[in-house]
Amino acid sequence: MVGRTVVVAARLVTTIAAPLDPASSEAPRVLHWPGRRLLVQRGDTEVVALDLDACVAGRASAVRFPAPWPRRFGTVAVSPGRDAAVFAGVHAVRSVEASGATRWEVRHGCWYGGCSLAHSSFDEYALDEDHRYADSGSVAVGADGGLVWAHVRAPLGGDAGAEGDQELWAVLDASDGRVLGRVDTMTAASGSEHTPHPDPTRMGLSVGEGEEGSPALWGRWDGQRLTAVQIGTELVLLAVSPSGGHLLTVDVGQWSLSLHRAEDGSLLRELDARDAVPPHPRSTGEGRVYWDCDAAFVDQDTIVAGTSECDARYGAARHWLVDARGTALRGEVSYPFPVSGPVRSAGDGAWYTVSEDRTSVHLWKPAGEN
């Protein structure tokens, strides 16, 4: 049952201007690993990475990476040391240095389902309308910068023995692109997203299959072999606890936040939005309350999650602090000014929101915490 709502104040740590024009770029996002945080924004021609802690200290410096193809043709990750940006494209994974030099490229099967060609370059399909709306994989760089995790379409790196309709999760050497290990994800993705772990040998992968499902995988590289465990078939991975011991998910219906043991993916606790979150004050009684597909750990015992998607029709977004120990609502987050959209993890006990016009990023912590 929904009880009395407690208000929990948030403190603005800093506001950072987005480095690129929102008209020709994606919304800025934060990537973080133990001891390192970046603000990253991708445009059609470049990716910009700012050291987030330097921004907080007022001495921001930007590293810019030329993009090998426009943003609609894939996703990107940046290494913790900002020495390379890794682009996951329609036909290849490419590591690019700030100078524009290609560090390495690993080709894979085309993500456009109607194409069976092994493309050697982006130019081969740059003007093809169908390829503009291809499915996609994703990449992430591990916490120590030594491994790249890539969700790709087979064949990988010219492997003639792989089936063309397979999807693979691969671990690559970040320095030269060597394929160290791979597993068949047994998925049919329209898109995917990685969830990093403090341990660079572990990683999460959420695979969106449209109306077919949403498998969530948890991978481990032991130095010799890559293994992957499926946590569920209708889940989205949201965050990993600071200790690395717990995973946070939401089901595809966005009914419940769930806490899992990272070691084996077993379910520990869950919190149903319908039982915990009160209706929006301006609600007319239509529709239901449900969780966003983004959330963050503030610390080992505290989660911040939002209901901004279902709140949008009524007004301001609402965010909530959740007790991870008992998976219960602590209270509604109160901001010094209205915020928009979901909450996302910014590391170091913080979370961030993006302004509605996507021109700035607001970094938050609970009031009273440094």
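Whatever comes next refers back to the structure up there.
Report on the accompanying structure. (Residues numbered from 1 in each chain as written. Predicted model: local features only at pLDDT ≥ 70, side-chain atom pairs only at ≥ 80, totals over all residues. Heavy atoms only, no water.)

**Quick look at the sheet that holds strand β2 (residues 29-33)**
Working step 1: In space, the four strands of this open sheet follow the order β2-β3-β4-β5, with antiparallel pairing throughout. Whereas interior strands pair on both sides, the edge strands pair on one side only; in this sheet they are β2 and β5 (62-66). Here the strands of the sheet are splayed against their neighbours by 25° on average, with no regard to which way each runs.
Working step 2: With five bridges connecting them, β2 and strand β3 (residues 36-42) associate as antiparallel partners. Residue pairing in the sheet places Leu 31 in a bridge with Leu 38 of β3. (Pairing = 2+ DSSP bridges. Helix = DSSP H or I, 4+ residues; strand = E, 2+ residues; numbered from the N terminus. Axes fitted to C-alpha atoms, helices over the stretch in contact; angles between N-to-C directions.)

**Section: the pattern of salt bridges**
Working step 1: Tallied over the entire structure, the rule returns 18 salt bridges.
Working step 2: A salt bridge links Asp 44 to Arg 71, with the nearest nitrogen and oxygen atoms 3.2 Å apart. One end of the pair, Asp 44, is in the loop between β3 and β4 (46-51); the other, Arg 71, is in the loop between β5 and β6 (75-78), and 27 residues separate them in sequence.
Working step 3: Taking relative accessible area as the criterion, Asp 44 reaches 34% and is therefore assigned partly exposed.
Working step 4: A salt bridge links Asp 83 to Arg 103; its shortest N-O distance comes to 3.0 Å. Pair noted here: Asp 83 is in the loop between β6 and β7 (85-88) and Arg 103 is in strand β9 (residues 102-107), with a separation of 20 residues, a long-range link.
Working step 5: A residue is classified by how much of its surface remains accessible, and Arg 103, at 29% relative accessible area, is partly exposed. (Salt bridge = Lys/Arg side-chain N within 4 Å of Asp/Glu carboxyl O. Buried < 20%, exposed > 50% of the residue type's maximum accessible area, 1.4 Å probe, protein only.)

**Quick notes on the sheet that holds strand β16 (residues 216-221)**
Working step 1: As summarised here, the arrangement of the four strands in space is β14-β15-β16-β17, forming an open sheet in which the pairing is antiparallel. Of all the strands in the sheet, the pair left with one neighbour each is β14 (191-196) and β17 (226-232). Each strand of the sheet is rotated relative to its neighbour by a mean of 25°, with strand direction disregarded.
Working step 2: Here six bridges tie β16 to β17, and the two strands are oriented antiparallel to one another. The residue of β17 that forms the bridge with Leu 217 is Gln 230.

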